[in-house]
Protein chains: 2
Amino acid sequence: MENFLAKAKFSSRIIANLEPQTKIDIMMQMADHIEKNRDIIIKENSKDIELGRKNNLSYALLDRLLLDEKRILSMTNSIREIANLREPIGKILDGWVVPSGLKIEKVSIPIGVIGIIYESRPNVTSDTAALCFKSGNVCVLKGGKEAQYSNKIIATLLQEILSRNSLPSEIISLLPDNSREGVAKLIKMDRYVDLIIPRGGEDLIKYISQNSTVPVVKHDKGLCHIFIDESADIKSAINISINAKCQRTGVCNTMETLLIHRNIAKTILPKLKEEYDKHKTKLLGCEKTREIINIEIASEEDFYTEYLDNILSIKIIDSLDEAIEHINIHGSGHSDSILSENYSNTQKFLDEVDSACVYVNASTRFTDGAEFGFGAEVGISTNRLHSRGPMGINDLTTYKFKIYGNGNIRE
Amino acid sequence: MENFLAKAKFSSRIIANLEPQTKIDIMMQMADHIEKNRDIIIKENSKDIELGRKNNLSYALLDRLLLDEKRILSMTNSIREIANLREPIGKILDGWVVPSGLKIEKVSIPIGVIGIIYESRPNVTSDTAALCFKSGNVCVLKGGKEAQYSNKIIATLLQEILSRNSLPSEIISLLPDNSREGVAKLIKMDRYVDLIIPRGGEDLIKYISQNSTVPVVKHDKGLCHIFIDESADIKSAINISINAKCQRTGVCNTMETLLIHRNIAKTILPKLKEEYDKHKTKLLGCEKTREIINIEIASEEDFYTEYLDNILSIKIIDSLDEAIEHINIHGSGHSDSILSENYSNTQKFLDEVDSACVYVNASTRFTDGAEFGFGAEVGISTNRLHSRGPMGINDLTTYKFKIYGNGNIRE
């Protein structure tokens, strides 16, 4: 493994200095090559599906695993879209002249070698490979075992194009040891690996965060809130509250807890219940909520729970301060929204809620690379440092200072 | 300790939302208060000096420890300067409107709770406290034992001003357990601490990087290079080479290795030796160097050594590619400079040398917060991620997205 990672590190200097057009050309070849070989991909994918059936994977998981012609075309479209994004490397992020006369430029550069640990969907393999390639990074991919044949053939096809362009295969590669021990080794290899991005279950992310000596940008849970302030527009508040919970329930930017100001609760709660009932949403509420609508009780535990399901906890609160406090204590710093027509309250909420994405009068469901206009996304970071919120290709960069002198010496 | 850090975390929400002018006012009070109490500081500092003498600290270390009237005034000047820097919080770093109509703002915010581990000089205590306060962060300071009385009185005086302004004392505090065990606990408290900045010896930094579950921005060694290309201006090259080594030898941005293109070596080496001899610099060289000037041999080990002393390793190399390769393998990614009049070579060097600061025709000694125009600095980061190179108050921030809607729901 160390030998492999040393080669990966060495390769990172090669890809970091490829011309933008060369990268685009190679990515177009990759997309074409995958399309040409879609029959082989489907054949390899069927081995994963068969094994998955034998291992009694759920229908939902099997569906996420499956690659058909349409899904392969969507993979290659995504590669082409990423190829055509604005070049993220060499951007001048800042620049100034200092009294000594030096011209300083702060310029974006690739991070280096990025280890990405993820599950299930094989399209993540081609997406993240394309995102890393476009941003000049080497990626070491560790996909789920359940998608091993699919991931292997996708990586092999991408490597064939690398080799056709005289580039080392380590630029896009699968972790050689695809086991838990392999991951345990990888996250200690800070000499060669510059960043680990874990996407997946809470336990995996916790294990990696606690044990990695490589910096980690984690893609953790989303326990998102909406707070309906007393001045909220009723119709819009109902619209948004339904959208944030019901438009899709199994994703991280879905609302899990609805906070309602006591002065609007009696008006809005019965109407909300009517709408949620239509969507078969299971509602749990605090004692005060249950004085207004007849639903089951929400425990303190519920307010800490990311359901990833069609379930919603509701709490009536007395003030904006209490709402902010509740969110900062119970939330996961992902996405939270205030629905309000009161200017001062919206400003206070935006300033004091300590989350990556803080909304006014909008659904939390917009926290997403595509919705943010980033094109494809690496994921949604729940880190405070380096990258926060939706991560696009620009978040796969760091910077250096280029300093232009004219014989300058320090006095 | 956990109780203390929980309070620190809670306090971080208070300081994060102070008005800019309030922060300035409080910092001015801090500076005044320290000036008024300079006799007490000098008295406490004398206890450290006395203990240091008993423990046979070197003259250099004792000098770094010493606080006199002049040094205290320089401390308070620094607090006032930091107070008057442009407000680093709430800066709109980027902003755009997406097709759904949402207005997205990327806004700078404080990091939260920052643990800073450092040695010797007590002015670091007031400097870092001021930098953290200005950038809305809580700081937990762990200074060296040798400066314990000085650090304690400085922190106490700052806390007196916090309390006078009804702010919790945890906003600026010393780590309650000032031992190795205290540090070991601190770096595992990722629930409460958002960033650890270690400044100090290589062993300390290595220990923290390997064991911290809190993100670390390290302030590591500087093994800086200058490469004299064949087209370099001889006079300017000699000037810069002397400045980069001799202007100050014990600091991280000093040159440790000089690389010289073989086609200019015979011309420049004798002149360089003459100048270095005037500065009593000890020169070590590769075999080819020693064919031109009579100096001791440099081992492969020497090219990996940060001397922090008036010693220089010299190597003759055959090409720009070899120079870049040598720097990327032996360097520490800190600061490296090319001296050249060849346009293509300077561009290639700037692009391919993988260091935080890459110079053309200038001394590496400029890698410094003040020289970069940042005002006071937290230090010089040798991380690849989050912050690279000189760190000012803007590097003590992260960001959130503020998103302004108008009833938007996701389709």
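Residues numbered from 1 in each chain as written. Chains lettered and ligands numbered in written order. Predicted model: local features only at pLDDT ≥ 70, side-chain atom pairs only at ≥ 80, totals over all residues.

**A short note on the overall build of chain A**
Step number 1: Regarding its fold elements, chain A presents 14 helices and 16 strands.
Step number 2: In terms of overall dimensions, chain A is globule-like: its C-alpha atoms have a radius of gyration of 24 Å, near the 22 Å expected for 411 residues.
Step number 3: Seen along its three principal axes, the alpha-carbon backbone of chain A occupies a region of about 70 × 70 × 35 Å.
Step number 4: The 411 residues of chain A split such that 49% are buried.
Step number 5: Sequence-distant contacts in chain A: of pairs separated by 6 or more residues, those separated by 24 or more amount to 70%. (Helix = DSSP H or I, 4+ residues; strand = E, 2+ residues; numbered from the N terminus. Rg over C-alpha atoms; globule rule 2.2 N^0.38 Å. Buried ≥ 20, exposed ≤ 12 C-beta atoms within 10 Å, placed from the backbone. Contact = placed C-beta atoms within 7 Å.)

**What to know about the pairing of strand S16 (residues 397-408) of chain A**
Step number 1: Here eight bridges tie strand S2 (residues 103-110) of chain A to S16 of chain A, and the two strands are oriented antiparallel to one another. Among the inter-strand pairings, Ser-108 of chain A is bridged to a residue of S16 of chain A, identified as Tyr-399 of chain A.
Step number 2: Pairing of S16 of chain A with strand S13 (residues 357-362) of chain B, which is carried by five bridges, proceeds in the parallel orientation. The residue of S13 of chain B that forms the bridge with Lys-402 of chain A is Val-358 of chain B. (Pairing = 2+ DSSP bridges.)

**With respect to the relation of the copies chain A and chain B**
Step number 1: Least-squares fitting of chain A to chain B yields an RMSD of 0.0 Å, with the transformation described by 0.0 Å of translation along the axis and a rotation of 180°. Such a turn and shift between the copies fits a two-fold axis. No C-alpha of chain A approaches the rotation axis more nearly than that of His-386 of chain A, which lies at 2.2 Å.
Step number 2: Mapped onto chain B, 100% of the interface residues of chain A again fall at the interface, so both copies present the same surface. (Least-squares fit on C-alpha atoms with pLDDT ≥ 70 in both.)

**Topic: the sheet that holds S13 of chain B**
Step number 1: What the 10 strands build is an open sheet, ordered S1(A)-S2(A)-S16(A)-S13(B)-S12(B)-S7(B)-S8(B)-S11(B)-S9(B)-S10(B); its pairing is mixed. Looking along the sheet, the strands with just one partner apiece sit at the ends: strand S1 (92-97) of chain A together with strand S10 (296-297) of chain B.
Step number 2: The strands that helix H14 (residues 343-352) of chain B touches are S16 of chain A together with strand S12 (335-339) and S13 of chain B; relative to S13 of chain B, the one it contacts most, it runs at about 155°. (Axes fitted to C-alpha atoms, helices over the stretch in contact; angles between N-to-C directions.)

**What about the sheet that holds strand S4 (residues 138-142) of chain A?**
Residue and element names in this part refer to chain A.
Step number 1: Read from one edge of the open sheet, four strands run S5-S4-S3-S6, paired in parallel fashion. The open sheet has two edge strands, strand S5 (172-174) and strand S6 (195-198), and neither has a second partner. Strand-to-strand twist of the sheet, defined as the mean angle between neighbouring strand axes without regard to direction, takes the value 20°.
Step number 2: As defined by bridge partners, strand S3 (residues 113-117) adjoins S6 across four bridges and the pair is classed as parallel. Counted as the bridge partner of Ile-117 is Pro-198 from S6.

**Observations regarding the packing of helix H2 (residues 20-36) of chain B against helix H7 (residues 148-164) of chain B**
Residues and elements named next belong to chain B.
Step number 1: Running from amino to carboxyl end, H2 crosses H7 at an angle of 135°, the nearest separation of the two axes being 9 Å. The pairing of H2 with H7 is recorded here as oblique in orientation. The two elements H2 and H7 meet at a crossing, and its hand is right-handed. Residue-level contacts link Ile-26, Gln-29, Met-30, His-33 and Ile-34 of H2 to Leu-157, Leu-158, Glu-160 and Ile-161 of H7. (Parallel < 35°, antiparallel > 145°, perpendicular 65-115°, else oblique. Left-handed = near helix turned anticlockwise from the far one by under 90°.)

**What about the domain arrangement of chain A?**
Residue and element names in this part refer to chain A.
Step number 1: As assigned here, chain A comprises domain 1 (2-220 + 382-404) and domain 2 (224-366).
Step number 2: The C-alpha centroid of domain 2 is placed 35 Å from the C-alpha centroid of domain 1.
Step number 3: Listed as interface residues are four residues of domain 1 and, on the opposing side, five residues of domain 2.
Step number 4: Grouping the constituent residues of the side of domain 1 that touches domain 2 by class yields no nonpolar, two polar and two charged. (Domains from an automatic or database assignment. Nonpolar A, V, L, I, M, F, W, Y, C, P; charged D, E, K, R; others polar.)

**What to know about the interface of chain A and chain B**
Step number 1: Each side of the interface is counted separately: chain A has 57 residues, and chain B has 57 residues.
Step number 2: Elements with a contribution of two residues or more to the side of chain A that touches chain B: helix H9 (202-211), helix H10 (234-246), helix H14 (343-352), strand S13 (357-362) and S16 of chain A.
Step number 3: It is S16 of chain A that provides the largest number of residues to the side of chain A that touches chain B, a total of 11 residues.
Step number 4: Looking at the side of chain A that touches chain B residue by residue, the class counts come to 23 nonpolar, 22 polar and 12 charged.

**Quick notes on the packing of helix H10 (residues 234-246) of chain B against helix H11 (residues 262-278) of chain B**
Residue and element names in this part refer to chain B.
Step number 1: Two numbers describe how H10 lies on H11: the axes approach to 10 Å, and their chain directions differ by 40°. With respect to each other, H10 and H11 are oriented oblique. Along this stretch, H10 crosses H11, giving a crossing that reads as right-handed. When H10 is examined against H11, the residues Ile-234, Ala-237, Ile-238, Ser-241 and Ile-242 are found in contact with a partner set consisting of Thr-267, Ile-268, Lys-271, Leu-272 and Glu-275.

**Some details on the confidence of the model for chain A**
A low pLDDT means the predicted coordinates there should not be read in detail.
Step number 1: Residues with a pLDDT of 70 or more make up 100% of chain A, whose mean pLDDT is 95.
Step number 2: For this predicted complex, the interface confidence score (ipTM) comes to 0.94, while the overall pTM stands at 0.93. (pLDDT = per-residue confidence, 0-100.)

**Quick look at the environment of Ile-228 of chain B**
Residues and elements named next belong to chain B.
Step number 1: Along the chain, the position of Ile-228 falls in strand S7 (residues 224-228).
Step number 2: Taking the number of C-beta atoms within 10 Å as the measure of exposure, Ile-228 has 30 and is therefore buried.
Step number 3: What Ile-228 contacts, discounting residues up to four positions off in sequence, is Ala-237, Ile-260, His-261, Ile-264, Ile-268 and Leu-339.

**Focus: unusual backbone geometry**
Step number 1: The phi dihedral of Asn-361 of chain A is positive, around 50°, even though this residue is not glycine.
Step number 2: Owing to 22 C-beta atoms within 10 Å, Asn-361 of chain A belongs among the buried residues under this scheme.
Step number 3: Even without being a glycine, His-386 of chain B presents a positive backbone phi close to 65°.
Step number 4: Tracing the backbone shows His-386 of chain B in the loop between strand S14 (379-381) and strand S15 (389-391).
Step number 5: Owing to 21 C-beta atoms within 10 Å, His-386 of chain B belongs among the buried residues under this scheme.

**Points about helix H3 (residues 38-54) of chain B**
Because each turn of an α-helix spans 3.6 residues, side chains separated by three or four positions end up pointing in the same direction.
Residue and element names in this part refer to chain B.
Step number 1: For H3, which comprises 17 residues, the first-to-last C-alpha distance of 24 Å matches the rise-based estimate of 24 Å (1.5 Å per residue) to within 8%.
Step number 2: Every buried residue of H3 is listed here: Ile-41, Glu-44, Asn-45, Asp-48 and Ile-49. Down the axis of H3, the buried side of the element spans an arc of 155°, and every buried residue falls inside it. Along H3, the residues that are exposed and aim more than 90 degrees away from the buried face are Asp-39, Lys-43, Glu-50, Arg-53 and Lys-54.
Step number 3: Buried residues along H3 sit against H2, helix H4 (59-65), helix H5 (69-83) and H7.
Step number 4: Phi for Asn-56, located one or two positions after H3, is positive at around 55°. (Expected span 1.5 Å × (residues − 1). Arc of directions from axis to C-beta.)

**Looking at H10 of chain B**
Step number 1: A rise of 1.5 Å per residue sets the reference length of H10 of chain B, with its 13 residues, at 18 Å; its end C-alpha atoms lie 18 Å apart and thus fit the reference within 8%.
Step number 2: Along H10 of chain B, the residues that are buried comprise Ala-237, Ile-240, Ser-241, Asn-243, Ala-244 and Lys-245 of chain B.

**Some thoughts on the environment of Phe-366 of chain B**
Step number 1: Assignment of secondary structure puts Phe-366 of chain B in the loop between S13 and S14.
Step number 2: Overall, Phe-366 of chain B belongs to the buried group, with 27 C-beta atoms counted inside 10 Å.
Step number 3: Sequence-wise, Phe-366 of chain B and Pro-390 of chain B are 24 residues apart; in three dimensions their C-alpha atoms are separated by 9.9 Å.
Step number 4: If near-sequence neighbours (up to four positions away) are discounted, Phe-366 of chain B is found in contact with Ser-100, Leu-102, Ile-403, Asn-408 and Arg-410 of chain A together with Glu-371 of chain B.

**What about the environment of Gly-112 of chain B?**
Step number 1: Within the fold, Gly-112 of chain B resides in the loop between strand S2 (103-110) and strand S3 (113-117).
Step number 2: The class for Gly-112 of chain B is buried, based on 22 C-beta atoms found within 10 Å.
Step number 3: Not counting the four nearest positions on each side in its chain, Gly-112 of chain B is found in contact with Arg-384 of chain A together with Ser-12, Asn-137, Val-138 and Asp-194 of chain B.

**Comments concerning the pairing of S1 of chain A**
On any regular strand, side chains alternate: one points to one face of the sheet, the next to the other face.
Residues and elements named next belong to chain A.
Step number 1: The element S1 is largely exposed, with a buried count of zero among its six residues.
Step number 2: Sheet topology places S1 next to S2; five bridges connect them, and they run antiparallel. Residue pairing in the sheet places Ile-92 in a bridge with Val-107 of S2.
Step number 3: Hairpin connection, S1 to S2: the antiparallel pair is bridged by five residues, and Gly-101 has positive phi, about 100°.

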